[in-house]
Amino acid sequence: MSKLQEVKAMVEQGKTKLIAGKVQEALDEGNKAEDILQSMIDAMGVIGDRFSAGEIFVPEMLIAAKAMSLGVDVLKPHLAGESTSSLGTCVIGTVEGDLHDIGKNLVAMMLEGTGFNIVDMGVDVSPEKFLNAAKENKDVKLVALSGLLTTTMPKMEETVKLIKDSGLPVKVIVGGAPVSEEYAAQIGADGYAPDAGSAAVKAKELVNG
Ligand code: B12
């Protein structure tokens, strides 16, 4: 088994004590941080499929998510470049009713590396909390909404509407597995990206006009 396959297997099995060491071994062996990250994202895909099939349950999903987060911590310094330019502040969070945060955290990390100052609101963030954070923090240029559940997608729409109706001069970018370019346009968001890397590119484009 290659190191990347071993990393993937450890995330699937929720090996929280061993994953950091394995990710470090993969790095030391010369694997690219992006490839190691992809192997962990693939593992979460497998976990999702097993959950859908009724083979595993929420505790197994949770432990795999914990393992992935610990692996990402090791990768962090290798993924997000240090930016000196400042693109302003980005308020980011997962929409109300939704507790998934791995994707949101990856996006926050990449946006920070691109030059945004990050205000991370965490998970289960109400539309009003997003709006207040956009109003109260200094130099907010972007609000980024993450959503992983189809059931909470209406909350994403509600949040976009509230921010747009407020007239604040901020752009809104949305993403998450059930979100698409079409859905983003339909709910009035300014942008969408399918993954953390392209989120950084799109975000920069949005605030630079
Ligand atoms: C881990 C996990 C959990 C963990 C989350 C832990 C955590 N700290 O995040 C726990 C156990 C808590 C959980 C709970 C539930 N989950 Co869950 N979960 C997952 C799982 C397996 C992985 C998600 C993940 O981390 N993926 C890896 C990351 C890197 O990918 P990502 O989040 O998609 O993010 C990337 C992009 O989407 C994008 N992106 C993300 N956010 C943003 C934001 C912006 C602005 C941009 C531009 C881009 C962007 O960039 C990211 C990086 O590349 C998925 C399966 C899957 N295939 O996604 C199910 C899944 C999302 N869960 C699901 C379900 C049903 C649930 C529960 C309802 C289960 C239950 N019966 O209780 C609960 C809901 C709890 C709640 N209220 O939120 C379903 C959702 C079905 C649906 N369509 O609505 C899925 C798809 C599983 C399945 N196949 O059924 N879950």
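Small disclaimer: the values here were computed from a predicted structure and weren't measured.

(A) Fine view of the sheet that holds strand β5 (residues 191-192). A sheet is described by the order of its strands in space; here five strands give the open sequence β2-β1-β3-β4-β5, paired in parallel fashion. Strand pairing shows two members of the sheet lacking a second neighbour, β2 (117-120) and β5, which therefore form its edges. Pairing analysis gives six bridges linking strand β1 (residues 89-94) to strand β3 (residues 140-146), with the strands arranged parallel. Counted as the bridge partner of I92 is A144 from β3. Where helix α7 (residues 153-166) meets the sheet, it contacts β3 and β4 (171-175), and its direction lies at approximately 175° from that of β4.

(B) Looking closely at the coordination of the cobalt atom of the ligand. When only protein atoms are considered, the cobalt atom of the ligand has one donor, H100 (NE2), at a distance of 2.3 Å. Note that H100 resides in the loop between β1 and α5 (102-114).

(C) Fine view of the site of the ligand. Near the ligand you find 35 residues, and of these S52, L99, H100, D101 and S146 are the closest. G48 is positioned such that a nitrogen or oxygen atom in its backbone is 3.1 Å from a nitrogen atom of the ligand. Contact between the ligand and A196: an oxygen atom at 3.2 Å from a main-chain N or O atom of the residue. Taken together, the elements giving at least two residues each to the shell around the ligand come down to α3 (33-52), α4 (58-79), α5, β3, β4 and α9 (196-207). The greatest single-element share of the shell around the ligand, amounting to six residues, is contributed by α3. Its residues placed into classes, the shell around the ligand shows 23 nonpolar, nine polar and three charged.

(D) Representation of the pattern of salt bridges in the model. Under the defined criterion, the tally for this structure stands at twelve salt bridges. One salt bridge in this structure joins K155 and E158, with 3.4 Å as the shortest N-O distance. In this pair, K155 and E158 both sit in helix α7, three residues apart, roughly one turn of the helix. We classify E158 as partly exposed; its relative accessible area is 38%. In this structure, a network of salt bridges that share partners links the residues K3, E6, K22 and E25.

(E) Just the environment of G115, in detail. Position of G115 among the secondary structure elements: in the loop between α5 and β2. Each C-alpha atom, one on G115 and one on S85, is 5.6 Å from the other, the two residues being 30 residues apart in sequence. Once residues lying within four places of it in the same chain are set aside, the contact partners of G115 are S83, S85, S86, L87 and G88.

(F) Expanded view of the domain arrangement of the protein chain. When its domains are assigned, the protein chain resolves into domain 1 (3-79) and domain 2 (89-207). For domain 1 and domain 2, the distance between their C-alpha centroids amounts to 25 Å. Between domain 1 and domain 2, the residue contacts involve nine residues of the former and four residues of the latter. Counting the surface lost from both domain 1 and domain 2, the interface buries some 490 Å², and carbon and sulfur atoms represent 90% of this. In this structure, the connection of domain 1 to domain 2 is made through zero residue pairs in polar contact (both at pLDDT 80 or more). For the side of domain 1 that touches domain 2, the secondary-structure elements that each account for two or more residues are α3 and α4. Counting residues per element, the side of domain 1 that touches domain 2 draws most heavily on α4, at six residues. Split by residue class, the side of domain 1 that touches domain 2 holds seven nonpolar, one polar and one charged.

Cut-offs used in this document
Residues numbered from 1 in each chain as written. Predicted model: local features only at pLDDT ≥ 70, side-chain atom pairs only at ≥ 80, totals over all residues. Heavy atoms only, no water. Pairing = 2+ DSSP bridges. Helix = DSSP H or I, 4+ residues; strand = E, 2+ residues; numbered from the N terminus. Contact = heavy atoms within 4.5 Å. Axes fitted to C-alpha atoms, helices over the stretch in contact; angles between N-to-C directions. Donors = N, O, S within 2.8 Å, 3.2 Å for Na, K, Ca; no water. Near = heavy atom within 4 Å. Polar contact = N/O pair within 3.5 Å; in protein donor to acceptor, adjacent residues only side chain to side chain. Nonpolar A, V, L, I, M, F, W, Y, C, P; charged D, E, K, R; others polar. Salt bridge = Lys/Arg side-chain N within 4 Å of Asp/Glu carboxyl O. Buried < 20%, exposed > 50% of the residue type's maximum accessible area, 1.4 Å probe, protein only. Domains from an automatic or database assignment. Buried area = accessible area lost by both parts, 1.4 Å probe.

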